[in-house]
Amino acid sequence: MERIPLVETRHLKKYFDVAAGKLHAVDDVSIQIYEGQTLGVVGESGCGKSTLGRTILRLLEATDGEVLFEGQNILKYNKAEMRGMRRKMQMIFQDPYSSINPRLTVEDIIAEYMIVNKSFGGNRREIYQRTAELMDIVGLAKRLARAYPHELDGGRRQRIGIARALSLSPKFIVCDEPVSALDVSIQAQILNLLMDLQKEMGLTYMFITHNLSVVKHISTDIAVMYLGQCVERAPYQELFANPRHPYTKKLLSAIPVPDLSMRNKQIQPIRGEVTSPINPKPGCRFMSRCEFACEKCAEPLGEPTDFGNHHTCLCVRCREDL
Ligand SMILES: Nc1ncnc2c1ncn2[C@@H]1O[C@H](COP(=O)(O)OP(=O)(O)OP(=O)(O)O)[C@@H](O)[C@H]1O
Ligand SMILES: [Mg+2]
């Protein structure tokens with residue numbers, strides 16, 4: 001039986017109007033995210049990961065394409081329909097401090113969405129009871145309820161962000177670089193927390209990161225983005241074992257290896273000029289940096305090549321043994 005994705009984008013586009021023309025931040029991205037699973041989204045800074053996440057949640061209005069949630073195109077929803085939808089979809093940010101009112105205490109921050117959404121019929125006692133439960137769930141000590149976010153370290157602040165995202169019982173969470181700003185030891189704690197919560201609550205994640213070693217721990221599937229496009233997508237074991245796109249191969253070769261015998265392996269930097277995302281030409285955007293580029297690569301890109309088993313790749317040479 002064909003699985004139905006919880007969240008799916010079809011030919012999703014988000015262009016920004018800038019002085020020099022149209023900046024193609026997300027350009028024709030079709031991805032599927034299945035219930036209870038995690039799609040890791042990786043790629044260099046500026047490739048459109050955050051814009052993709054925000055456009056899916058309708059924090060940004062799409063330029064074209066569809067975003068399906070449980071099979072419904074939510075880009076067609078009106079304000080009232082979207083209000084109901086918002087509870088089901090939340091976001092966790094890299095720096096929760098930037099989205100938190102510093103004058104509120106920990107418990108007020110976690111209670112905020114529930115108060116605005118009149119959860120529990122607006123009953124404050126019940127809302128704060130739930131807040132205490134959420135603090136417990138994300139591993140924040142009770143004594144911190146009246147603390148202010150600036151008094152806490154980055155890991156605890158991220159736990160507040162997670163508790164807040166969970167407060168309306170969402171089904172889907174976009175995690176935008178949630179551990180990138182944290183110390184390595186704390187990163188593991190927060191990743192483990194996110195994975196435990198996923199198991200217990202059946203959550204579905206889109207996990208954005210520029211760090212492939214982080215995404216490996218948490219992802220079921222991986223989408224690799226390059227200058228607004230999803231250039232390769234596959235279940236994570238498949239992507240690590242059989243990368244097809246030259247860009248994915250470069251990314252994988254740059255992951256630090258714990259095996260000492262491999263330490264001296266040369267990491268090849270990606271050379272060449274980065275194509276501008278403003279009014280890009282129809283051909284492959286990685287072409288200027290790709291050692292395998294040929295004339296065909298300058299022609300308009302068609303649909304991605306489908307290798308079956310949910311593995312697709314947007315490269316005209318990906319069937320060849322490069
Ligand atoms: N509001 C905006 N107006 C104009 N251009 C924008 C806007 N937001 C993002 N961009 C551009 O869109 C492209 C994608 O940006 P985005 O922030 O989505 O990338 P990213 O992959 O999340 O990068 P990072 O890893 O640095 O967070 C970039 O070229 C960026 O400059
Ligand atoms: Mg970003």
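No experiment lies behind these values; they were computed from the predicted model shown.

So, how was this worked out
- Residues numbered from 1 in each chain as written.
- Chains lettered and ligands numbered in written order.
- Predicted model: local features only at pLDDT ≥ 70, side-chain atom pairs only at ≥ 80, totals over all residues.
- Heavy atoms only, no water.
- Helix = DSSP H or I, 4+ residues; strand = E, 2+ residues; numbered from the N terminus.
- Rg over C-alpha atoms; globule rule 2.2 N^0.38 Å.
- Contact = heavy atoms within 4.5 Å.
- Areas by Shrake-Rupley, 256 points an atom, 1.4 Å probe, with all protein chains shown as cover.
- Buried < 20%, exposed > 50% of the residue type's maximum accessible area, 1.4 Å probe, protein only.
- Polar contact = N/O pair within 3.5 Å; in protein donor to acceptor, adjacent residues only side chain to side chain.
- Near = heavy atom within 4 Å.
- Nonpolar A, V, L, I, M, F, W, Y, C, P; charged D, E, K, R; others polar.
- Pairing = 2+ DSSP bridges.
- Axes fitted to C-alpha atoms, helices over the stretch in contact; angles between N-to-C directions.

**Q** What is the right way to look at the overall build of the chain in this model?
**A** From N to C terminus, the chain includes nine helices and 12 strands. Against the compact-globule benchmark of 20 Å for 322 residues, the chain has a radius of gyration of 21 Å, which places it among compact chains. On the principal axes, the C-alpha backbone points of the chain span a range of 65 × 50 × 50 Å. Long-range pairs, those at least 24 residues apart, make up 64% of the contacts in the chain with a sequence separation of at least 6. Surface accessibility of the chain: about 16200 Å² in total, with carbon and sulfur atoms responsible for 49%.

**Q** Would you take a moment to explain the side chain of T131 for this structure?
**A** Looking at the element boundaries, T131 is found in helix α4 (residues 124-137). Judged by its relative accessible area of 1%, T131 falls in the buried class. Only 2.8 Å separates the side chain of T131 from the backbone oxygen of I127, close enough to count as a polar contact. Those residues in contact with T131, other than ones at most four positions away along the chain, are E107, I110, A111 and M114.

**Q** Help me understand the site of ligand 1, please; the structure alone is not making it clear to me.
**A** In the neighbourhood of ligand 1, the contacting residues comprise F16, L23, A25, E44, S45, G46, C47, G48, K49, S50, T51 and E177. A distance of 2.5 Å separates an oxygen atom of ligand 1 from a polar side-chain atom of S45. Here an oxygen atom of ligand 1 sits 2.8 Å away from a polar atom, N or O, in the side chain of K49. Broken down by secondary-structure element, the contributors of at least two residues to the shell around ligand 1 are β2 (21-33) and α1 (49-56). Per-element accounting of the shell around ligand 1 gives the leading share, three residues, to α1. Broken down by class, the residue content of the shell around ligand 1 amounts to four nonpolar, five polar and three charged.

**Q** Before we go on, may I ask you to explain the sheet that holds strand β9 (residues 221-226) in this structure?
**A** The pairing of strands in a sheet comes from backbone hydrogen bonds and takes either a parallel or an antiparallel form. An order of β6-β7-β8-β3-β9-β10-β12-β11 is seen for the eight strands of this open sheet, with the pairing classed as mixed. With partners counted over all chains shown, the strands left at the sheet margins are β6 (89-92) and β11 (305-306), one partner each. As paired strands, strand β3 (residues 38-42) and strand β8 (residues 204-209) are joined by five bridges and run parallel to one another. Bridge pairing in β8 links G40 to F207. Against the sheet, helix α6 (residues 184-201) touches β3, β6 and β8, its axis set at about 160 degrees to β8.

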